[in-house]
Amino acid sequence: MRKHIVIFLFLLIGLTVLAQNQDVKLTASWSTAIPMGATNDYVKFTSGRGFQFEIDQNVNPRLSIGGTFAWQAFFNKSYTFYFHDNSVISATKRNYINTLVLMANTKYYFPTTVNKLRVYIGVEIGTTAIENDEIYGVYRNKEMYWHFAVSPVLGVDIPMSNAVGINIYLKYLNSFKT
C-alpha cells in the first residue's frame, strides 16, 4: 500500500487547475516538493504541504509574462543525541522550514498540433523568504532569511474546455544567499 501512496504523490506533483479568459490565465495549484541541497540537511522527506497561485498575460500566442506566489512547508522529526564536552544531551528534534516565494515569470509556448496541448518552457526570477525553525525538546532556534531566486520551468497545458484545463509542470527552485 505504501508503494501506491508514493506513486500517487509523484503523479500529483505539479497538477494544476486553471481558468482562462482569452489573454489572461489564472492558475491555482497544490504542490509537492522534494528537499534538495541545503534543505536536505534539515528535512529528509518529500512535502505535500504547499500551494501556488499564478497569473499570466499573453504577449502574443507564444509568449506570456506574469507573476507567481507560492508557499511550501517541510517537517522532519527525529530523536537525537548531542555530545558536548563530557556531557550527552538527548532530545526530540523537530525541523520546520516554511518557504514563501514571490516571482516574476515568462513562458515560451512551442507550436504543437496534438490535441491543442501547449508545451512550454519558462523561467521565474524573484525572491524567497525562508524560515527555518529547529526545536530541540524545549529549546528553539528560529531563523528567517530572504534570498534571490531563479527557477526554470518545463510544463504542458492541457485544455479541458474553453475556460478550464490542467497544467502539469516541473520546476527547480534555486535560492541564492544575498
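Report follows, based on the coordinates.

**Focus: the pairing of strand β5 (residues 87-109)**
Judged from the 22 bridges that link them, strand β4 (residues 63-84) and β5 form a sheet pairing that is antiparallel. Bridge pairing in β5 places Trp-71 opposite Leu-100. Of the strand pairs in this sheet, β5 and strand β6 (residues 118-136) are connected by 17 bridges, and their pairing is antiparallel. Bridged to Tyr-109 within β6 is Tyr-120.

**A few points about the pattern of salt bridges**
On inspection of all chains with the given rule, the structure shows seven salt bridges. Between Asp-56 and Lys-25 there is a salt bridge, with its nearest N and O atoms 4.0 Å apart. Separated by 31 residues along the polypeptide, Asp-56 in strand β3 (residues 49-60) and Lys-25 in strand β2 (residues 24-30) bring together distant segments of the chain. For the pair Asp-56 and Lys-25, a shared accessibility class is recorded, and that class is buried.

**Side note on the side chain of Ser-151**
Along the chain, Ser-151 falls in strand β7 (residues 139-159). Among the residues examined, Ser-151 registers a relative accessible area of 0% and is labelled buried. At 3.3 Å, the side chain of Ser-151 and the backbone oxygen of Tyr-172 are in polar contact.

**A short note on the nonpolar core**
Ala-33, Val-43, Phe-74, Ile-97 and Ile-130 together form the largest nonpolar core, which totals five residues. Setting aside residues up to four positions removed in sequence, Ile-97 forms contacts with Thr-39, Tyr-42, Val-43, Gln-72, Ala-73, Phe-74, Ile-130, Glu-131 and Asn-132.

What counts, and where the lines are drawn
Residues numbered from 1 in each chain as written. Predicted model: local features only at pLDDT ≥ 70, side-chain atom pairs only at ≥ 80, totals over all residues. Heavy atoms only, no water. Pairing = 2+ DSSP bridges. Helix = DSSP H or I, 4+ residues; strand = E, 2+ residues; numbered from the N terminus. Salt bridge = Lys/Arg side-chain N within 4 Å of Asp/Glu carboxyl O. Buried < 20%, exposed > 50% of the residue type's maximum accessible area, 1.4 Å probe, protein only. Polar contact = N/O pair within 3.5 Å; in protein donor to acceptor, adjacent residues only side chain to side chain. Core = buried A, V, L, I, M, F, W, Y, C linked by side-chain atoms within 4.5 Å. Contact = heavy atoms within 4.5 Å.

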